[in-house]
Amino acid sequence: EAQLVELANEVGLSRDNIRQALAEERARLDLPPETGAAFSLLGTATVQVARTVPGDVPGVLAGLDQWMQRTESLQVKRRFPDQLAWEPREDFLSTIRRALRVGGRGFHLAVATDVHAMVAAVEGRRSHVRLVANFSATRGQRAGGALAAVAAGLLVGVPLFWMATNANLAIAAALSLVPALALPAAAVSLVRRQYRALLSRAQVSLEQALDRLEYGDVPGRRP
């Protein structure tokens, strides 16, 4: 990296920009391509945000850990020198805290499968942070519920439509299309809107964690 920075400096590129780009690359998380019915129905399972904030790597990780555990009801899942991964707390008090929305928070990250933080040092005691929340389990559950509604609508509507058609009951046949088509479509649309709203709120939660790092509101953050 030092040779790359010197080479960039020789050709007139900004040293700070090169170091920033290198830090962003080190903090990048390679996500596998998403496929399957859940992805087709609801979209991506991940939300990520990134920002360069004041502080060194250990201090930034410590600040993030405090925020995730105290504010988002998470606990450490894996720990590395430049990375941390959290998962939801499953103890009784944490469940009650989330149910009662203690502190007025929605604890949107607590329904994530896990949350990852990758931190890379940038010149001048700054660090580039990338936060990634994975909602694959929640997405799977909601997709399963939507598909169950589709199956139920077809199981009810198709036989009714067949019987009404054989009996030459045009109005009854038309009405039978409501459970067969309209109700499944409404259920899928509702689940999709709710899931996308969850991802939007989770992104705000991740941005709030970075806000605390950037503006110095996380207790214990190293200046």
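About the criteria used
- Note that residues are indexed from 1 along each chain, following the sequence as it is written.
- With the structure being a predicted model, the display of local features is reserved for residues of pLDDT at least 70 and the display and counting of side-chain atom pairs for 80 or more, all residues being used for whole-chain, interface and lining totals.
- Excluded from the side-chain calculation are hydrogens and water; included are all heavy atoms of the structure.
- Each helix is a run of DSSP H or I of at least 4 residues and each strand a run of E of at least 2, with the numbering of both proceeding from the N terminus.
- What a helix is expected to span follows from its residue count: subtract one and scale by 1.5 Å.
- The buried label goes to any residue with under 20% of its type's maximum accessible area, the exposed label to any with over 50%, and the partly exposed label to all in between, with areas taken from a 1.4 Å probe on protein chains only.
- In the analysis that follows, any N or O atom pair within 3.5 Å is treated as a polar contact, provided that within protein one partner can donate a hydrogen and the other can accept it, and provided that, for residues neighboring in sequence, both atoms belong to side chains.
- Space inside and on the surface of the protein is sampled on a 1 Å grid over the protein atoms alone, with a cavity defined as a set of points where a 1.4 Å probe fits but cannot get out and a pocket as an open set with protein on both sides within 12 Å along at least 5 of 7 lines; lining residues have an atom within 4 Å of a point.
- Grid points are joined across faces, edges and corners, and a volume is the space filled by probe spheres set on the points.
- Amino acids outside the nonpolar list (Ala, Val, Leu, Ile, Met, Phe, Trp, Tyr, Cys, Pro) and the charged list (Asp, Glu, Lys, Arg) are all regarded as polar, and Gly is one of them.
- Being paired, for any two strands, means DSSP has found at least two bridges between them.
- Simply put, an axis is a line fit to the C-alpha atoms, just over the touching stretch for a helix, and the angle between two N-to-C directions goes from 0 to 180 degrees.
- By definition, residues are in contact when any of their heavy atoms lie within 4.5 Å.
- Whenever a carboxyl oxygen of Asp or Glu lies within 4 Å of a side-chain nitrogen of Lys or Arg, that contact is scored as a salt bridge.
- Candidates for patches are residues over 30% relative accessible area with no salt bridge; among them, like charges are joined within 9 Å and nonpolar side chains (Val, Leu, Ile, Met, Phe, Trp, Tyr) within 5 Å.
- The method behind every accessible area is Shrake-Rupley, applied with a 1.4 Å probe, and residues are considered shielded solely by the protein chains displayed.
- Definition of nonpolar core: a set of buried residues of the types Ala, Val, Leu, Ile, Met, Phe, Trp, Tyr and Cys, connected through side-chain atoms within 4.5 Å.

Novice: Even after reading the chapter, I still don't get helix α4 (residues 57-71), so can you show me in this structure?
Specialist: The end-to-end C-alpha separation of α4 is 21 Å, in line with the 21 Å expected for 15 residues at 1.5 Å each. If you check which residues of α4 are buried, you get Val57, Gly59, Val60, Leu61, Gly63, Leu64, Asp65, Trp67, Met68 and Thr71. Its side-chain oxygen 2.9 Å from the backbone nitrogen of glycine 59, aspartate 56 forms the N-cap of α4. Once α4 finishes, serine 73 follows within two positions and takes phi at roughly 60°, a positive value.

Novice: Would you explain the layout of surface pockets in this entry?
Specialist: Quantified by volume, the largest pocket comes out at close to 160 Å³. Of all the secondary structure elements, the ones that give two or more residues to the lining of the largest pocket are β4 (114-122), β5 (126-134) and α6 (136-166). Within the lining of the largest pocket, the residues separate by chemical class into six nonpolar, four polar and three charged.

Novice: How do you make sense of the sheet that holds β4 when you look at a structure like this?
Specialist: For sheets, the rule is that strands pair by backbone hydrogen bonds, running either parallel or antiparallel. In space, the five strands of this open sheet follow the order β1-β5-β4-β3-β2, with antiparallel pairing throughout. Because the sheet does not close on itself, it has two edges, and the strands there are β1 (46-54) and β2 (74-80). On average, each strand axis in the sheet is tilted by 20° relative to the strand beside it, whichever way the strands run. Along the sheet, α4 contacts β1, β2, β3 (83-88), β4 and β5; its crossing angle with β4, the most-contacted strand, is approximately 155°.

Novice: How do you make sense of the pattern of salt bridges when you look at a structure like this?
Specialist: Under the counting rule described, the total for this entry stands at seven salt bridges. Put simply, glutamate 34 and arginine 139 hold a salt bridge, and the shortest N to O gap is 2.7 Å. Separated by 105 residues along the polypeptide, glutamate 34 in the loop between α2 (15-26) and α3 (37-42) and arginine 139 in helix α6 bring together distant segments of the chain. Here arginine 51 and aspartate 211 are joined by a salt bridge, their closest N and O atoms 2.8 Å apart. Highlighted residues: arginine 51 in strand β1 and aspartate 211 in helix α7 (residues 170-215), separated in sequence by 160 residues. Owing to a relative accessible area of 25%, aspartate 211 belongs among the partly exposed residues under this scheme. Residues participating in the shared-partner salt-bridge network are Arg51, Glu207, Asp211 and Glu214.

Novice: Before we go on, may I ask you to explain a nonpolar patch on the surface in this structure?
Specialist: A cluster of nonpolar residues, Phe92, Leu93, Ile96, Leu100 and Val102, forms a patch on the protein surface that exposes about 550 Å² of accessible area. Here leucine 100 shows up in the loop between α5 (92-99) and β4. Classification of leucine 100 by relative accessible area gives exposed; the value is 63%.

Novice: Would you mind showing me how to read unusual backbone geometry here?
Specialist: Note on backbone geometry: most residues besides glycine have negative phi, and most peptide bonds are trans. Of note in this structure, serine 73 is not a glycine but carries a positive phi near 60°. Mapped onto the elements of the fold, serine 73 is located in the loop between α4 and β2. Residue classification places serine 73 among the buried positions, given a relative accessible area of 1%. The phi torsion at phenylalanine 107 lies on the positive side, around 50°, for a residue other than glycine. Mapped onto the elements, phenylalanine 107 comes out in the loop between α5 and β4. Using a relative accessible area of 3% as the deciding quantity, one classes phenylalanine 107 as buried.

Novice: What's the story with the nonpolar core in this structure? I'm lost.
Specialist: Generally speaking, a soluble globular protein has its nonpolar side chains buried in company with each other. Ranked by internal contacts, the top residues of the largest apolar core, which has 37 residues, are Leu64, Met68, Leu109, Val115, Leu131, Phe135 and Leu206. Elements with a minimum of two residues in this core: α3, β1, α4, β3, β4, β5, α6 and α7. Broken down by element, this core gets its largest block of residues, ten residues, from α7. Look past the residues within four positions of valine 115 in its chain and what remains in contact with it is Met68, Leu74, Leu84, Ala85, Trp86, Leu109, Val132, Ala133 and Leu206. Among the nonpolar cores identified, the runner-up in size contains six residues, and Ala23, Ala27, Met118 and Val122 belong to it.

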